[in-house]
Amino acid sequence: MARAGLTTERVVEAAADLADSIGFERVTVSALARGFGVKDASLYSHVKSVQDLRVRVALLAAGEFADRLGAAVAGRAGKDALVAFADAYRAFVLQRPGRYEATQIRLDPAVAAESAAYHRTIRIVYAMLRAYGLSEPDFTDAVRLLRSTFHGYSSLEARGGFGAPRDVQRSWDQCVEALHVVLRDWPSATVDGGKGG
């Protein structure tokens, strides 16, 4: 690729593609430069450092992730929305592993606060869970349960972590059904460290 054709957007997109291929943590400016057929210095007019590059990939990936989740739940509610959200989440992890890994890094709070993608994801989650009628602090607890389940299951699956003969899709469907039941019947009393009153 000709040096004149480089833009920050193309560099970041190529870095995201490279992350999907070799893993997010293995993306470096040098590896990216080799892919473009240029010297490392040519990329530093587009990104400040490898950390800057990774943050830009994280923001790009967050936007793509939010787009997928939003499209999946559009026009759906209740269990239908939960299933669509869960399936879109899992598909992104399996199809875009490097991008998904990028969405898991801890961003500077100021950067995260300015990210439209992160705000959009929060709105999508709220909309998806609205039918379950949860309020704080139950809502936060429920979001943590969902995220832990979706992240854990999908990450294990992506790494070939399920060796039992049971079909992985059937287990996934059962997990999502169980989450629906938990959300529908969420305990009304807040857990208080096992203390009564």
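In the block above lies the structure referred to throughout.
Since this is a predicted model, take the numbers as computed values, not measurements.

Novice: Which parts of the structure should I look at to understand the packing of aromatic side chains?
Specialist: Two aromatic rings are characterised by how far apart their centres lie and by the angle between their planes. Throughout the structure, instances matching the rule amount to eleven aromatic pairs. Considering the side-chain rings of F85 and Y89, the 6.5 Å spacing of their centres and the 40° angle between planes classify their relative orientation as tilted. Of this pair, F85 and Y89 both sit in helix α5 (residues 78–95), four residues apart, which is roughly one turn of the helix. On the accessibility criterion, F85 (6% relative accessible area) is buried. For Y89, a relative accessible area of 5% puts it in the buried group. With centroids separated by 4.7 Å and ring planes inclined at 45°, the aromatic side chains of Y153 and F162 adopt a geometry described as tilted. For Y153, a relative accessible area of 10% puts it in the buried group. For F162, a relative accessible area of 34% corresponds to the partly exposed category. One aromatic cluster in this structure is built from F65, F85, Y89, F92, Y100, F150, Y153, F162 and W172.

Novice: It is not clear to me how the side chain of R54 should be interpreted in this structure. Could you clarify?
Specialist: Relative to the elements of secondary structure, R54 occurs in helix α4 (residues 50–73). Residue classification places R54 among the buried positions, given a relative accessible area of 16%. Among the polar contacts made by the side chain of R54, one reaches the main-chain carbonyl oxygen of E25 at a distance of 2.9 Å.

Novice: Help me understand the side chain of S155, please; the structure alone is not making it clear to me.
Specialist: You can see S155 is positioned in helix α9 (residues 138–158). Look at S155 and you get buried, because its relative accessible area is 11%. Once residues lying within four places of it in the same chain are set aside, the contact partners of S155 are V93 and Y100.

Novice: Whenever I open this one, the environment of A58 confuses me. Can you help?
Specialist: Turning to its location among the elements, A58 is positioned in helix α4. Setting aside residues up to four positions removed in sequence, A58 forms contacts with A102, I105, L107 and Y118.

Novice: Sorry if this is basic, but what is going on with the nonpolar core here?
Specialist: Buried together is how nonpolar side chains tend to be arranged in soluble globular proteins. If you look at the biggest cluster of nonpolar residues, it comprises 31 residues, and the most contacted ones within it are L82, F85, F150 and L183. Of all elements in the fold, only α4, α5, α8 (116–129), α9 and α10 (168–184) reach the threshold of two or more residues within this core.

Novice: Could you clarify how one ought to interpret α5 in this entry?
Specialist: Since the α-helix turns once every 3.6 residues, residues separated by three or four places project in the same direction. Helix length check: α5, at 18 residues, gives a terminal C-alpha distance of 26 Å against a target of 26 Å (1.5 Å per residue), a fit within 8%. By the burial criterion, the buried members of α5 are G78, A81, L82, A84, F85, A86, A88, Y89, R90, F92 and V93. Against the buried residues of α5 lie α4, α6 (97–103), α8, α9 and α10.

Novice: What is the right way to read the packing of α5 against α8 from this model?
Specialist: Two elements in contact, α5 and α8, have axes whose closest approach is 8 Å; the angle formed by their N-to-C orientations is 145°. Of the residues in α8, those in contact with A81, L82 and F85 of α5 are I124, V125 and M128. A per-class count over the contact of α5 with α8 returns six nonpolar, no polar and no charged.

Cut-offs used in this document
Residue positions are counted from 1 within each chain, in the order its sequence is given. With pLDDT at 70 or above as the cut-off, local features in this predicted model cover only qualifying residues; side-chain atom pairs require 80 or more to be listed or tallied, and sums for whole chains, interfaces and linings still use all residues. With hydrogens and water set aside, each side-chain value is computed from the structure's full complement of heavy atoms. Only rings of Phe, Tyr and Trp enter the pairing, Trp through its six-membered ring, and a pair is recorded when the two centres are within 6.5 Å. The plane angle decides the type: under 30 degrees is stacked, over 60 is edge-to-face, the rest tilted. Secondary structure elements follow DSSP: runs of H or I no shorter than four residues count as helices, runs of E no shorter than two count as strands, and numbering proceeds from the N terminus. Only protein chains enter the area calculation, which uses a 1.4 Å probe; residues under 20% of their type maximum are buried, those over 50% are exposed, and those in between are partly exposed. As used in this structure description, the phrase polar contact means that two N or O atoms lie within 3.5 Å; if the pair is within protein, one of them must be able to donate a hydrogen and the other to accept it, and residues adjacent in sequence are counted only when both atoms belong to side chains. We call two residues contacting when some pair of their heavy atoms lies within 4.5 Å. Take the buried residues of types Ala, Val, Leu, Ile, Met, Phe, Trp, Tyr and Cys, join any two whose side-chain atoms come within 4.5 Å, and each joined set is a nonpolar core. Helix span, expected: 1.5 Å multiplied by one less than the number of residues in the helix. Only the stretch in contact is used when a helix axis is fitted, and all axes are lines through C-alpha atoms; the angle between N-to-C directions ranges over 0 to 180 degrees. Basically, the charged four are Asp, Glu, Lys and Arg, the nonpolar ten are Ala, Val, Leu, Ile, Met, Phe, Trp, Tyr, Cys and Pro, and anything else, Gly included, counts as polar.

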